[in-house]
Amino acid sequence: MLHADVLCGADRLDTEVTCGFGCDLISDSLCFARPGCLLLTGLTNVQIIRLAEMVEARAIVFVRGKKPGEDVIKLAREKGLPLLATDLFLFESCGILYQAGLRSS
Amino acid sequence: MQLKFQVKGMDFSRAGQAATKIKKALQLAGMDPATIRKAIIIAYEAEMNIVIHAYHGTLTANITPHKVEIIAEDEGPGIPDIPLAMQEGYSTAPPHIREMGFGAGMGLPNIKKSADELDIQSEVNKGTRLWAAVFNNVNIQQNRYDEDAALSGANDLRSAGNSTR
(Lines give C-alpha, C1' and ligand atoms only; values in the text may rest on other atoms or scores of the structure.)
Protein backbone atom coordinates (compact mmCIF):
# COMPACT_ATOMS: atom_id res chain seq x y z
CA MET A 1 0.00 0.00 0.00
CA LEU A 2 2.83 2.40 0.84
CA HIS A 3 5.18 0.91 -1.79
CA ALA A 4 7.67 0.56 1.02
CA ASP A 5 11.08 -1.06 0.98
CA VAL A 6 11.78 -3.48 3.80
CA LEU A 7 15.04 -2.49 5.52
CA CYS A 8 15.00 -5.29 8.07
CA GLY A 9 12.65 -7.76 9.74
CA ALA A 10 11.26 -9.19 6.47
CA ASP A 11 10.46 -12.38 8.35
CA ARG A 12 8.17 -10.48 10.72
CA LEU A 13 6.00 -8.63 8.22
CA ASP A 14 2.94 -10.64 9.25
CA THR A 15 3.12 -9.05 12.73
CA GLU A 16 -0.24 -7.59 13.65
CA VAL A 17 -0.37 -3.89 14.56
CA THR A 18 -3.30 -2.64 16.62
CA CYS A 19 -3.10 1.04 15.71
CA GLY A 20 -0.94 3.66 14.03
CA PHE A 21 0.93 6.73 15.19
CA GLY A 22 2.65 9.31 12.98
CA CYS A 23 5.01 11.83 14.54
CA ASP A 24 8.36 13.59 14.14
CA LEU A 25 8.76 14.47 17.80
CA ILE A 26 10.29 12.08 20.32
CA SER A 27 8.44 13.50 23.35
CA ASP A 28 5.02 13.27 21.70
CA SER A 29 5.69 9.74 20.45
CA LEU A 30 6.62 8.73 23.99
CA CYS A 31 3.41 10.17 25.43
CA PHE A 32 0.86 9.23 22.78
CA ALA A 33 2.05 6.11 20.91
CA ARG A 34 0.33 3.00 22.28
CA PRO A 35 1.80 -0.47 22.71
CA GLY A 36 1.33 -2.58 19.59
CA CYS A 37 1.27 0.39 17.23
CA LEU A 38 2.86 0.99 13.85
CA LEU A 39 5.10 4.04 14.16
CA LEU A 40 5.37 6.33 11.11
CA THR A 41 8.10 8.96 11.30
CA GLY A 42 10.69 11.02 9.49
CA LEU A 43 13.18 10.59 12.34
CA THR A 44 15.96 8.20 11.37
CA ASN A 45 18.43 8.39 14.26
CA VAL A 46 19.08 5.62 16.74
CA GLN A 47 16.76 7.23 19.27
CA ILE A 48 13.68 6.24 17.32
CA ILE A 49 14.58 2.57 17.78
CA ARG A 50 15.00 3.03 21.54
CA LEU A 51 11.73 4.93 21.61
CA ALA A 52 9.94 2.19 19.65
CA GLU A 53 11.20 -0.33 22.18
CA MET A 54 10.01 1.86 25.04
CA VAL A 55 6.48 2.33 23.68
CA GLU A 56 6.37 -1.28 22.42
CA ALA A 57 5.77 -0.33 18.80
CA ARG A 58 5.64 -3.38 16.51
CA ALA A 59 7.30 -1.79 13.45
CA ILE A 60 8.50 1.54 12.04
CA VAL A 61 7.77 3.08 8.64
CA PHE A 62 10.19 5.84 7.65
CA VAL A 63 8.45 8.41 5.43
CA ARG A 64 9.51 11.05 2.88
CA GLY A 65 12.18 8.80 1.40
CA LYS A 66 14.29 8.91 4.54
CA LYS A 67 16.52 5.95 5.28
CA PRO A 68 18.33 5.33 8.55
CA GLY A 69 22.03 4.52 8.81
CA GLU A 70 23.40 0.99 9.12
CA ASP A 71 23.83 1.38 12.91
CA VAL A 72 20.12 2.09 13.27
CA ILE A 73 19.15 -0.91 11.12
CA LYS A 74 21.54 -3.11 13.09
CA LEU A 75 19.98 -2.09 16.41
CA ALA A 76 16.47 -2.70 15.03
CA ARG A 77 17.54 -6.14 13.83
CA GLU A 78 18.84 -6.93 17.33
CA LYS A 79 15.53 -5.82 18.84
CA GLY A 80 13.51 -7.79 16.27
CA LEU A 81 11.83 -4.62 15.04
CA PRO A 82 10.84 -4.52 11.34
CA LEU A 83 11.81 -1.30 9.52
CA LEU A 84 10.19 -0.11 6.30
CA ALA A 85 10.82 2.96 4.16
CA THR A 86 8.46 4.78 1.79
CA ASP A 87 8.82 7.83 -0.44
CA LEU A 88 5.33 8.98 0.56
CA PHE A 89 4.82 11.87 2.97
CA LEU A 90 3.66 11.27 6.53
CA PHE A 91 0.16 12.64 5.85
CA GLU A 92 -0.35 10.51 2.77
CA SER A 93 1.02 7.36 4.42
CA CYS A 94 -1.28 7.79 7.43
CA GLY A 95 -4.24 8.50 5.12
CA ILE A 96 -3.72 5.34 3.09
CA LEU A 97 -3.42 3.19 6.22
CA TYR A 98 -6.45 4.89 7.79
CA GLN A 99 -8.53 4.19 4.66
CA ALA A 100 -7.43 0.58 4.90
CA GLY A 101 -8.87 0.40 8.42
CA LEU A 102 -5.93 1.19 10.71
CA ARG A 103 -6.97 3.55 13.48
CA SER A 104 -5.10 6.08 15.56
CA SER A 105 -3.04 5.26 18.61
CA MET B 1 14.89 -2.13 44.83
CA GLN B 2 17.21 0.57 43.59
CA LEU B 3 18.58 0.93 40.06
CA LYS B 4 21.22 3.56 39.37
CA PHE B 5 22.71 4.49 35.98
CA GLN B 6 25.46 6.83 34.90
CA VAL B 7 24.34 9.16 32.10
CA LYS B 8 26.84 11.05 29.93
CA GLY B 9 26.11 14.39 28.31
CA MET B 10 25.82 14.29 24.48
CA ASP B 11 26.06 10.49 24.37
CA PHE B 12 23.10 9.98 22.03
CA SER B 13 24.12 6.45 21.07
CA ARG B 14 23.34 5.17 24.56
CA ALA B 15 20.68 7.69 25.54
CA GLY B 16 17.45 6.03 26.56
CA GLN B 17 19.08 2.81 27.72
CA ALA B 18 18.68 3.61 31.41
CA ALA B 19 14.97 4.34 31.01
CA THR B 20 14.53 1.12 29.01
CA LYS B 21 16.16 -0.89 31.81
CA ILE B 22 13.98 0.82 34.40
CA LYS B 23 10.92 -0.10 32.34
CA LYS B 24 11.93 -3.75 32.23
CA ALA B 25 12.48 -3.78 36.01
CA LEU B 26 9.03 -2.24 36.58
CA GLN B 27 7.44 -4.85 34.33
CA LEU B 28 9.26 -7.65 36.14
CA ALA B 29 8.10 -6.20 39.45
CA GLY B 30 4.53 -6.46 38.18
CA MET B 31 3.72 -2.77 38.52
CA ASP B 32 0.48 -1.47 37.05
CA PRO B 33 0.85 -0.57 33.32
CA ALA B 34 -0.39 2.98 33.97
CA THR B 35 2.28 3.41 36.67
CA ILE B 36 4.95 2.05 34.31
CA ARG B 37 3.84 4.38 31.53
CA LYS B 38 4.06 7.44 33.78
CA ALA B 39 7.37 6.38 35.34
CA ILE B 40 9.06 5.76 32.00
CA ILE B 41 7.93 9.09 30.55
CA ILE B 42 9.62 10.71 33.56
CA ALA B 43 12.71 8.49 33.38
CA TYR B 44 13.18 8.91 29.63
CA GLU B 45 12.63 12.67 29.56
CA ALA B 46 14.89 13.15 32.61
CA GLU B 47 17.59 10.98 31.03
CA MET B 48 17.37 12.93 27.77
CA ASN B 49 17.58 16.21 29.67
CA ILE B 50 20.91 15.07 31.14
CA VAL B 51 22.16 13.93 27.70
CA ILE B 52 21.07 17.14 25.96
CA HIS B 53 21.87 19.76 28.59
CA ALA B 54 24.29 18.47 31.23
CA TYR B 55 27.90 17.21 31.31
CA HIS B 56 27.12 14.04 33.19
CA GLY B 57 24.73 12.72 35.79
CA THR B 58 22.90 9.78 37.29
CA LEU B 59 19.41 8.41 36.83
CA THR B 60 18.07 6.48 39.80
CA ALA B 61 14.87 4.51 40.25
CA ASN B 62 13.66 3.48 43.70
CA ILE B 63 10.99 0.86 43.26
CA THR B 64 8.63 -0.28 46.02
CA PRO B 65 5.26 -2.00 45.60
CA HIS B 66 3.46 1.28 46.29
CA LYS B 67 5.68 3.86 44.64
CA VAL B 68 8.30 4.51 41.96
CA GLU B 69 10.74 7.33 42.60
CA ILE B 70 12.81 8.67 39.71
CA ILE B 71 15.78 10.85 40.64
CA ALA B 72 17.91 12.58 38.02
CA GLU B 73 20.98 14.41 39.29
CA ASP B 74 23.44 16.16 37.04
CA GLU B 75 26.41 18.43 36.88
CA GLY B 76 25.72 21.00 34.23
CA PRO B 77 24.59 24.52 33.44
CA GLY B 78 21.54 24.33 35.71
CA ILE B 79 18.14 25.91 35.05
CA PRO B 80 18.08 29.69 35.69
CA ASP B 81 14.28 29.99 35.59
CA ILE B 82 12.44 26.77 36.50
CA PRO B 83 8.85 28.09 35.96
CA LEU B 84 9.90 29.21 32.45
CA ALA B 85 11.48 25.80 31.75
CA MET B 86 8.22 24.15 32.85
CA GLN B 87 6.26 25.97 30.11
CA GLU B 88 5.24 23.86 27.14
CA GLY B 89 7.29 24.74 24.08
CA TYR B 90 10.08 26.53 25.93
CA SER B 91 13.41 24.99 25.00
CA THR B 92 17.06 25.95 25.02
CA ALA B 93 18.10 22.97 22.85
CA PRO B 94 20.22 23.93 19.81
CA PRO B 95 19.06 23.24 16.19
CA HIS B 96 21.09 20.04 15.74
CA ILE B 97 19.32 18.54 18.77
CA ARG B 98 15.93 19.56 17.38
CA GLU B 99 16.69 17.85 14.09
CA MET B 100 16.92 14.60 16.02
CA GLY B 101 13.34 15.04 17.19
CA PHE B 102 14.19 16.50 20.60
CA GLY B 103 14.03 20.01 22.00
CA ALA B 104 10.32 20.60 21.47
CA GLY B 105 10.10 22.01 24.99
CA MET B 106 7.88 19.17 26.21
CA GLY B 107 10.32 17.33 28.47
CA LEU B 108 9.67 19.01 31.81
CA PRO B 109 5.94 19.62 31.08
CA ASN B 110 5.53 15.89 30.31
CA ILE B 111 7.39 15.00 33.50
CA LYS B 112 5.08 17.32 35.45
CA LYS B 113 1.97 15.74 33.90
CA SER B 114 3.18 12.22 34.63
CA ALA B 115 4.43 12.73 38.19
CA ASP B 116 2.21 12.49 41.26
CA GLU B 117 4.85 14.46 43.15
CA LEU B 118 7.71 16.50 41.70
CA ASP B 119 10.57 18.56 43.07
CA ILE B 120 13.24 20.30 40.99
CA GLN B 121 16.23 22.01 42.54
CA SER B 122 18.77 23.73 40.35
CA GLU B 123 21.80 25.93 40.70
CA VAL B 124 23.20 27.79 37.71
CA ASN B 125 26.62 26.50 36.60
CA LYS B 126 26.41 23.64 39.10
CA GLY B 127 23.61 21.30 38.21
CA THR B 128 20.07 20.11 38.64
CA ARG B 129 18.32 17.57 40.85
CA LEU B 130 14.94 16.28 39.79
CA TRP B 131 12.89 14.09 42.10
CA ALA B 132 9.60 12.61 40.96
CA ALA B 133 7.27 10.03 42.43
CA VAL B 134 4.53 7.94 40.85
CA PHE B 135 2.21 6.06 43.18
CA ASN B 136 1.30 2.53 42.21
CA ASN B 137 -2.08 2.79 43.91
CA VAL B 138 -4.42 2.25 41.01
CA ASN B 139 -5.54 -1.09 42.36
CA ILE B 140 -6.12 0.32 45.83
CA GLN B 141 -8.22 3.14 44.36
CA GLN B 142 -10.03 0.66 42.16
CA ASN B 143 -10.90 -1.47 45.17
CA ARG B 144 -12.12 1.57 47.07
CA TYR B 145 -14.19 2.57 44.08
CA ASP B 146 -15.67 -0.91 43.86
CA GLU B 147 -16.57 -0.81 47.56
CA ASP B 148 -18.21 2.61 47.12
CA ALA B 149 -20.08 1.38 44.05
CA ALA B 150 -21.22 -1.70 45.92
CA LEU B 151 -22.40 0.43 48.87
CA SER B 152 -24.22 2.93 46.68
CA GLY B 153 -25.67 0.04 44.69
CA ALA B 154 -26.99 -1.44 47.89
CA ASN B 155 -28.44 1.95 48.87
CA ASP B 156 -30.08 2.26 45.47
CA LEU B 157 -31.69 -1.10 45.93
CA ARG B 158 -32.86 -0.13 49.40
CA SER B 159 -34.33 3.18 48.23
CA ALA B 160 -35.90 1.46 45.24
CA GLY B 161 -37.41 -1.02 47.65
CA ASN B 162 -38.71 1.84 49.82
CA SER B 163 -40.30 3.64 46.89
CA THR B 164 -42.30 0.63 45.88
CA ARG B 165 -43.89 0.37 49.27
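To keep things clear, this report deals only with the structure shown in the data block. (Residues numbered from 1 in each chain as written. Chains lettered and ligands numbered in written order. Predicted model: local features only at pLDDT ≥ 70, side-chain atom pairs only at ≥ 80, totals over all residues.)

What follows covers the overall build of chain A. A count of helices and strands for chain A gives four helices and five strands. Reading the helices (α) and strands (β) of chain A from amino to carboxyl end gives β-β-α-β-α-β-α-β-α. For chain A, the C-alpha radius of gyration of 12 Å lies close to 13 Å, the compact-globule estimate for 105 residues. Projected onto its principal axes, the C-alpha positions of chain A cover 35 × 30 × 25 Å. For chain A, with 105 residues in total, the buried portion stands at 46%. Considering only contacts within chain A whose residues lie at least 6 apart along the sequence, 54% involve residues at least 24 apart. (Helix = DSSP H or I, 4+ residues; strand = E, 2+ residues; numbered from the N terminus. Rg over C-alpha atoms; globule rule 2.2 N^0.38 Å. Buried ≥ 20, exposed ≤ 12 C-beta atoms within 10 Å, placed from the backbone. Contact = placed C-beta atoms within 7 Å.)

Further remarks concern the overall build of chain B. Counting its regular elements, chain B contains six helices and five strands. Beginning at the N terminus, the succession of helices and strands in chain B can be written as β-α-α-β-β-α-α-α-β-β-α. Split into buried and exposed, the 165 residues of chain B put 34% on the buried side. A separation threshold of at least 6 residues defines the contact pool for chain B, and within that pool the share at least 24 residues apart is 63%.

Attention now goes to the nonpolar core. Nonpolar side chains tend to gather and get buried jointly when the protein is soluble and globular. With 67 residues, the main nonpolar core has Ile60 of chain A together with Ile42 and Ala43 of chain B as its most contacted residues. Looking at this core, the element that brings in the most residues is helix H2 (residues 33–53) of chain B, giving twelve residues. Those residues within four positions of alanine 43 of chain B in sequence are excluded, and the remaining contacts are Ala18, Ala19, Ile22, Leu59, Ala61 and Ile70 of chain B. (Core = buried A, V, L, I, M, F, W, Y, C linked by C-beta atoms within 7 Å.)

Right, let's talk about the pairing of strand S2 (residues 56–63) of chain B for a bit. Residues and elements named next belong to chain B. Taking every second residue as pointing to the same face, the buried face of S2 carries Gly57, Leu59, Ala61 and Ile63, while none of His56, Thr58, Thr60 and Asn62 on the other face is buried. Where strand S1 (residues 2–8) lies against S2, seven bridges are found, and the strand directions are antiparallel. Bridge pairing links leucine 3 to alanine 61 in S2. Here S2 folds back onto strand S3 (residues 67–75) in antiparallel fashion, the turn holding three residues. (Pairing = 2+ DSSP bridges.)

Attention now moves to unusual backbone geometry. Peptide bonds are trans in most cases, and residues, glycine excluded, mostly fall at negative phi. Notably, histidine 3 of chain A is not glycine yet its phi reads approximately 50°, a positive angle. For histidine 3 of chain A, the location among the structural elements is in the segment before strand S1 (5–8). Residues other than glycine seldom take positive phi values, yet asparagine 125 of chain B does so here, at roughly 65°. The topology assignment puts asparagine 125 of chain B in the loop between strand S4 (117–123) and strand S5 (127–135).

This part covers the interface of chain A and chain B. Taken together, the 15 residues of chain A in the interface contact 18 residues of chain B. At six residues, helix H2 (residues 46–55) of chain A tops the list of elements feeding residues into the side of chain A that touches chain B. Split by residue class, the side of chain A that touches chain B holds eight nonpolar, three polar and four charged. (Nonpolar A, V, L, I, M, F, W, Y, C, P; charged D, E, K, R; others polar.)

Moving on, we get to the packing of H2 of chain B against helix H5 (residues 107–114) of chain B. All names here are of chain B. Packing of H2 against H5 leaves a shortest axis separation of 9 Å and a crossing angle of 155°. Between H2 and H5, the angle is such that the two are roughly antiparallel. Like other packed secondary-structure pairs, H2 and H5 cross with a definite hand, here left-handed. Contacts between H2 and H5 involve Lys38, Ile41, Ile42, Glu45, Ala46, Met48 and Asn49 from the first element and Gly107, Asn110, Ile111 and Ser114 from the second. Grouping the amino acids of the contact of H2 with H5 by side-chain chemistry returns five nonpolar, four polar and two charged. (Axes fitted to C-alpha atoms, helices over the stretch in contact; angles between N-to-C directions. Parallel < 35°, antiparallel > 145°, perpendicular 65-115°, else oblique. Left-handed = near helix turned anticlockwise from the far one by under 90°.)

This next bit is on H2 of chain B. Note on helix geometry: an α-helix contains 3.6 residues per turn, so any two residues three or four positions apart are oriented the same way. For H2 of chain B, spanning 21 residues, the distance from its first C-alpha to its last is 30 Å, which sits close to the expected 30 Å at 1.5 Å a residue. Of all 21 residues that make up H2 of chain B, 19 are buried, and the element is covered over most of its length. (Expected span 1.5 Å × (residues − 1).)

Turning to the environment of asparagine 110 of chain B, a few remarks are in order. Mapped onto the secondary structure, asparagine 110 of chain B falls in helix H5. For asparagine 110 of chain B, a count of 20 C-beta atoms within 10 Å gives the class buried. For the pair asparagine 110 of chain B and threonine 60 of chain B, spaced 50 residues apart in sequence, the C-alpha separation works out to 18 Å. If we ignore the near neighbours within four places in the chain, the residues touching asparagine 110 of chain B are Ser27 and Cys31 of chain A together with Ile41 and Glu45 of chain B.

Below, the discussion takes up the environment of aspartate 74 of chain B. Residue and element names in this part refer to chain B. Assignment of secondary structure puts aspartate 74 in strand S3. Judged by the 25 C-beta atoms lying within 10 Å of it, aspartate 74 is buried. Sequence-wise, aspartate 74 and alanine 54 are 20 residues apart; in three dimensions their C-alpha atoms are separated by 6.3 Å. Once you skip the residues sitting within four places of it in the chain, aspartate 74 turns out to touch Ile50, Ala54, His56, Gly57, Gly127 and Thr128.

Interpretation in functional terms is not warranted from these geometric data alone.
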